[in-house]
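Fold and geometry: a report
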Amino acid sequence: MDERTIAMLVVYLLCMFAGVPAKGKPLLDVCATCHANATCDDKSDGSGKVCNCKYGFVGNGRNFCQDKDECLISAKLCGQHTTCHNTYGSYYCTCLTGYSPSNNMTVFIPNDGTHCQDIDECRITGQCGDGGQCRNLEGSFDCSCMVGYKVHNGTEPFHPMKDKASCKVVNCGPPVSVKDTVLLSVTGTTYSSVAMFGCDEGFVWRTGDNSSVCGADGLWRRPTLVCEAKCGPVPFIANSEVVWQNRSVVVHRCVVGYHSWRGNNVSVCGSSGAWQKATLTCIETKPPINHLFMFNENCLHWKAEKYEEDTEVYKVTYTGSRDYQKSFHDKRKHFLSSKADQLELCLNLLPVTNYSISITATLARFTASITTNTSLPVPLAPVIYYREYETPLPTLRLRRSPSTLDPISLYQVFVLPVEEIMMFDCSSPVSLDSSSKMKSPAKYITAQFDVQHVGTDMNFTVGDGFLYGGIYNTPLQGGNNYYIILRTVSQWRTALESNCVLWAKVRGTSYVLKVSSLAATALVGLLAVVLLGMYSFTWYYTYFIICPVNVM
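This text gives an overview of the structure that appears in the document. (Residues numbered from 1 in each chain as written. Predicted model: local features only at pLDDT ≥ 70, side-chain atom pairs only at ≥ 80, totals over all residues. Heavy atoms only, no water.)

For the rest of this paragraph, the subject is the nonpolar core. Residues Ile-484 and Trp-503 are the most contacted members of the largest nonpolar core, which totals 24 residues. Here this core gets four residues from one element, more than from any other, and that element is strand S41 (residues 495–506). Counting 20 residues, the second-largest nonpolar core is a separate cluster that includes Ile-289, Trp-302, Leu-345 and Tyr-355. (Core = buried A, V, L, I, M, F, W, Y, C linked by side-chain atoms within 4.5 Å. Buried < 20%, exposed > 50% of the residue type's maximum accessible area, 1.4 Å probe, protein only. Helix = DSSP H or I, 4+ residues; strand = E, 2+ residues; numbered from the N terminus.)

As structure tokens, this is what we get:
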């Protein structure tokens, strides 16, 4: 395509759109080309015609004019409390539920100032139903029940069209009777109804009001009418209540927390006009075992709640354990039968033991429990064989109880010079290490034995120079007299108890001196034997050798 052809084509298109006819063509009718939803209007400069889309449509006026959604263009087009509805080429407004147009028209366009205003639904009589009272709200309303009515199928406040709730009149049901009275009349069972009472036959109206009214809470207001029997008020029995009565007989029973102890429970109105009062005695109900406590560390005391003539069988179970001896376990039982109401039972509890004790009243099927901790006692004196020795290496003997439940922790051996000791305090604290001992002639500890290393029989030689429990067994000094003390020690945590016995006495003869004395004695004896031998030989020689003839 050459340049001339392209130029002619451009001129043609410009003329066509401008309404100018091409060369050799008639003028174009613009109005004939307008869209169905457009109007043909004069141009403002008078140069020709132009197609414009009608109100409510948007487009170029010729090829298309589509609907304009006014509701999307402005959210507040219709104003507050409204709903905007688009139509083909237009729109209209309606009010939300609870509001009405100010021009009283169902639909409107707010170009004349029409707006939506709140509807006062409470102006409609019976909006909330019987017994309901209406409260107007902005764009709505709610309901609540008047005094004497209760909401049904919902809670207050409620909307009768949304919640399906309603108010119903309070119904108290049949009037509640009062003792010794009869119902005379009643106006109904709903709120504010009134019931009238009178005294029953055989009773006299003394004081009070005899009317009862159905209240807004659905309960009858009890009358204050007081009717007394001809014998006077019902007899009073402490801690009891009336189960049944008429004008001449009253049956009593103990209130909760008390039980009958003795006596009859019926009061009778006598012919003399006086009550023959019941002899019922009501005492407080207490556990079959109460006021349980320990005394003297090994004994139990408790109070038994039962009829005096009954014999109760008690089962006492006690279990002991020791924190310092995990393998220890002491479990025992004891049975006791008694009619007494104050009981005491002493148990042979082991020392330094945590006990849990339970007492069961087998007939009453009741169990009470108590815990206790036994203390550390003074250990028993050890079984020894006392002797007096004249040797510097005396061997002593100890016999220990075969029981493994005794609380003894260790044994200690003390050496005391006789000349310097006037008194030995067995409870005096002595350190358990070797650094605490004092050399002779003062008292000192010469050996220590852990109870785990002591059998039922033990022999010990004082002064043998060995270590016992980390303590040096110092040899005894010759020429001194000593007491040997054996101390048993029971120790648990910070508590310590001890017991001492005199194990032996060692006389102070020197070993060298003793040997010398024995040697001297032996020498004197030998000299005596030699002299006796020489005398015997001289006599024999003289008598049989020198003088034989004379003899013959």
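Moving on from the coordinates now.
The next thing to look at is unusual backbone geometry. Going from Glu-156 to Pro-157, the amide bond is cis rather than trans, its omega being -10°. Within the fold, Pro-157 resides in the loop between strand S11 (149–152) and strand S12 (166–169). You will see that His-291, though not glycine, has its phi angle at about 55°, which is positive. Note on placement: His-291 falls in strand S25 (residues 289–295).

Let us look at the sheet that holds strand S26 (residues 299–304). One open sheet holds the three strands; their spatial order is S25-S26-S29, and the pairing between them is antiparallel. Among the strands making up the open sheet, the edge pair consists of S25 and strand S29 (342–346). Going from strand to strand, the sheet's axes swing by 20° on average, the running direction of each strand aside. In this sheet, S26 lies alongside S25 in antiparallel orientation, the contact comprising five bridges. Bridge pairing in S26 places Asn-290 opposite Lys-303. (Pairing = 2+ DSSP bridges. Axes fitted to C-alpha atoms, helices over the stretch in contact; angles between N-to-C directions.)

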